[in-house]
Each structure stands twice: as C-alpha cells, then as structure tokens.
Amino acid sequence: MELLKVASESNPNSVAGAIAGALEQDAAVEIHAIGAGAVNQSVKAIAIAKRLIAQRDSNVPLKVIPGFIELEIAGKDKTGIRFIIEK
C-alpha cells in the first residue's frame, strides 16, 4: 500500500492523480494529513480521484476509511488523520 503525505499547500488535482495512479498499481492507498488545511486538501483530492476513476471505469467504487494516527515529528507527538482508500 502506497503512503501519500498531504500538506495544506498540496494541489488537490496532483494528489488526486497520485491516488488514481496508486490505485492502478495496488488495491489501496493511504493518505496522512496533519492539520485542518491538509485534511481539507485530502478530502478534495479524494473527491477528484473518485471522479477520475469513474471516468475510466464506472464499475469501480471507492471505499474511504478515515481514522486518527499518532506521529512523532521533530520530537513532538502529533495527531493526524489517516484515510485508507480502497477499490
């Protein structure tokens, strides 16, 4: 499963392309987002990726499983959101 890290500055169209590409290679992709802006960009990217995948094959439903993650960044514990996207 490929891991994508999304920041608040990430372009949702680029992330959506990465999601669609990763789902062509594997059955699932995982996204990590820390902060409200990053979560917002992630949700936009998932919606765009769903549309991209539906254009290629309308019979492929996407399943999105959100959850919390605990990460250590620069010696500090951070809580983030994890999205697992499965086809």
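Overview of the structure. Being a predicted model, the structure only gives us computed values, none of them experimental. (Residues numbered from 1 in each chain as written. Predicted model: local features only at pLDDT ≥ 70, side-chain atom pairs only at ≥ 80, totals over all residues. Heavy atoms only, no water.)

1. Side note on the sheet that holds strand β3 (residues 63-73)
At step 1: Spatially, β1-β2-β4-β3 is the arrangement adopted by the four strands of the open sheet, whose pairing is mixed. Among the strands making up the open sheet, the edge pair consists of β1 (2-6) and β3. For this sheet the average axis-to-axis angle between neighbouring strands, irrespective of direction, equals 25 degrees.
At step 2: Along the sheet, helix α2 (residues 36-56) makes contact with β1, β2 (28-33), β3 and β4 (76-86), crossing β4 at roughly 5 degrees. (Pairing = 2+ DSSP bridges. Helix = DSSP H or I, 4+ residues; strand = E, 2+ residues; numbered from the N terminus. Axes fitted to C-alpha atoms, helices over the stretch in contact; angles between N-to-C directions. Contact = heavy atoms within 4.5 Å.)

2. Comments concerning helix α1 (residues 12-25)
At step 1: Here α1 contains 14 residues, and its C-alpha end-to-end distance of 20 Å stays within 8% of the 20 Å for a straight helix at 1.5 Å per residue.
At step 2: P12, V15, A16, I19, A20, A22 and L23 are the residues of α1 that are buried. Summarising the axial view, the buried residues of α1 lie within an arc of 165 degrees, below the 170-degree limit, and thus occupy one face. Facing away from the buried surface of α1 by more than 90 degrees, the exposed residues are E24 and Q25.
At step 3: Capping the start of α1, N11 holds a side-chain oxygen 2.8 Å from the backbone nitrogen of N13, two or three residues further along. (Expected span 1.5 Å × (residues − 1). Buried < 20%, exposed > 50% of the residue type's maximum accessible area, 1.4 Å probe, protein only. Arc of directions from axis to C-beta. Polar contact = N/O pair within 3.5 Å; in protein donor to acceptor, adjacent residues only side chain to side chain.)

3. Details of the nonpolar core
At step 1: I19, L23, V29, I31, I46 and I85 are the most contacted members of the largest nonpolar core, which has 19 residues in total.
At step 2: Only β1, α1, β2, α2 and β4 provide two or more residues apiece to this core.
At step 3: Per-element accounting of this core gives the leading share, six residues, to α1.
At step 4: Contact partners of V29, with chain neighbours within four places excluded, come to M1, E2, L4, I19, A22, L23, F83, I84 and I85. (Core = buried A, V, L, I, M, F, W, Y, C linked by side-chain atoms within 4.5 Å.)

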